[in-house]
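Structural features, examined
Spelled out from the first residue to the last, the chains are:
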Amino acid sequence: MSAVICLLSSPAALSQQGSDPAAGQQAFNNACRTCHIMREGDNRLGPNLHKVVGRKAGSLSGYNYSSAMKEADFVWDEAKLDRFIASPDEVVPGHKMKPYGGLASKEERTKIVAFLAQSQ
Ligand code: HEC
């Protein structure tokens with residue numbers, strides 16, 4: 001029954017701004033989930049994004065990063081993530097997050113970054 005309620009209420013949820021978790025999940029599913037999931041330890045084509053905010057770039061031991069990502073010397077925060085998903089080449093030149101063209105929509109990026117930040 002709750003699934004039905006959820007379906008019925010989704011148009012309203014979609015029209016709200018970035019803080020809405022359902023909209024964030026949806027945006028993440030559209031743009032990232034082919035290659036990433038949020039579950040700790042579960043790496044797919046890309047590394048899992050569990051607690052990515054506050055994590056050092058390229059630091060999961062079970063994932064085979066590009067040397068560019070491994071050597072990127074910073075910790076992911078909301079601003080870095082926003083720039084990375086807008087234009088990965090500018091943040092980590094030589095990364096292997098491909099094929100991924102960047103996400104031009106500020107609104108979509110804001111929703112996704114809020115969603116990632118919630119997985120703490
Ligand atoms: C086509 C597959 C693909 C898509 C789509 C994709 N990624 Fe990635 N992502 C990767 C791969 C592969 C890497 C590893 C990059 C490297 O090692 O250079 C990566 C790395 C990352 C990292 C660095 C993680 C770490 O541990 O340092 C973040 C953050 C990230 N992706 C976020 C996203 C987000 C957010 C989206 C959606 C907007 C997204 N990615 C879409 C494949 C993808």
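No experiment lies behind these values; they were computed from the predicted model shown.

Overview of the coordination of the iron atom of the ligand
With distances of 1.9 to 2.1 Å, the protein atoms coordinating the iron atom of the ligand are His36 (NE2) and Met97 (SD). Around the iron atom of the ligand, the 6 donor atoms are arranged such that angles at the metal cover 84 to 179°; this shape is classified as octahedral. Of this pair, His36 sits in the loop between α2 (21-31) and α3 (67-71) while Met97 is found in the loop between α5 (88-91) and α6 (106-117), placing the two residues 61 residues apart along the sequence. What makes His36 buried here is its relative accessible area of 10%.

Details of the site of the ligand
In the vicinity of the ligand, 28 residues are found, and the nearest of them are Cys32, Cys35, His36, Ser66 and Met97. The separation between an oxygen atom of the ligand and a polar side-chain atom of Arg55 is 2.9 Å. Per-element tally for the shell around the ligand: the top contributor is helix α4 (residues 78-86), with 3 residues. Classifying every residue of the shell around the ligand by side-chain character gives 20 nonpolar, 5 polar and 3 charged.

Examining the environment of Lys56
Summarising the element assignment, Lys56 is placed in the loop between α2 and α3. Taking the C-alpha atoms as reference points, Lys56 and Asp73, 17 residues apart in sequence, are found 7.6 Å from one another. If we skip the residues at most four places from it in the chain, Lys56 touches Lys70, Ala72, Asp73, Phe74, Val75 and Trp76.

Describing the packing of aromatic side chains
Evaluated as defined, the whole model comprises 4 aromatic pairs. Ring geometry for Trp76 versus Phe84: centroids 5.0 Å apart, planes at 55°, classification tilted. Members of the aromatic cluster, each reached through a chain of ring pairs, are Phe74, Trp76 and Phe84.

Quick notes on the confidence of the model for the chain
Summing up the model confidence of the chain, the mean pLDDT is 89 and the portion of residues at 70 or higher is 83%. In the predicted structure, residues 8-18 sits below a pLDDT of 50 and forms 6 contacts with residues beyond four places in sequence or in another chain.

Conventions adopted
- Residues numbered from 1 in each chain as written.
- Predicted model: local features only at pLDDT ≥ 70, side-chain atom pairs only at ≥ 80, totals over all residues.
- Heavy atoms only, no water.
- Donors = N, O, S within 2.8 Å, 3.2 Å for Na, K, Ca; no water.
- Tetrahedral: all angles 85-135°; square planar, octahedral: opposite > 155°, others 65-115°.
- Helix = DSSP H or I, 4+ residues; strand = E, 2+ residues; numbered from the N terminus.
- Buried < 20%, exposed > 50% of the residue type's maximum accessible area, 1.4 Å probe, protein only.
- Near = heavy atom within 4 Å.
- Polar contact = N/O pair within 3.5 Å; in protein donor to acceptor, adjacent residues only side chain to side chain.
- Nonpolar A, V, L, I, M, F, W, Y, C, P; charged D, E, K, R; others polar.
- Contact = heavy atoms within 4.5 Å.
- Phe/Tyr/Trp six-rings, centres within 6.5 Å; stacked < 30°, edge-to-face > 60°.
- pLDDT = per-residue confidence, 0-100.

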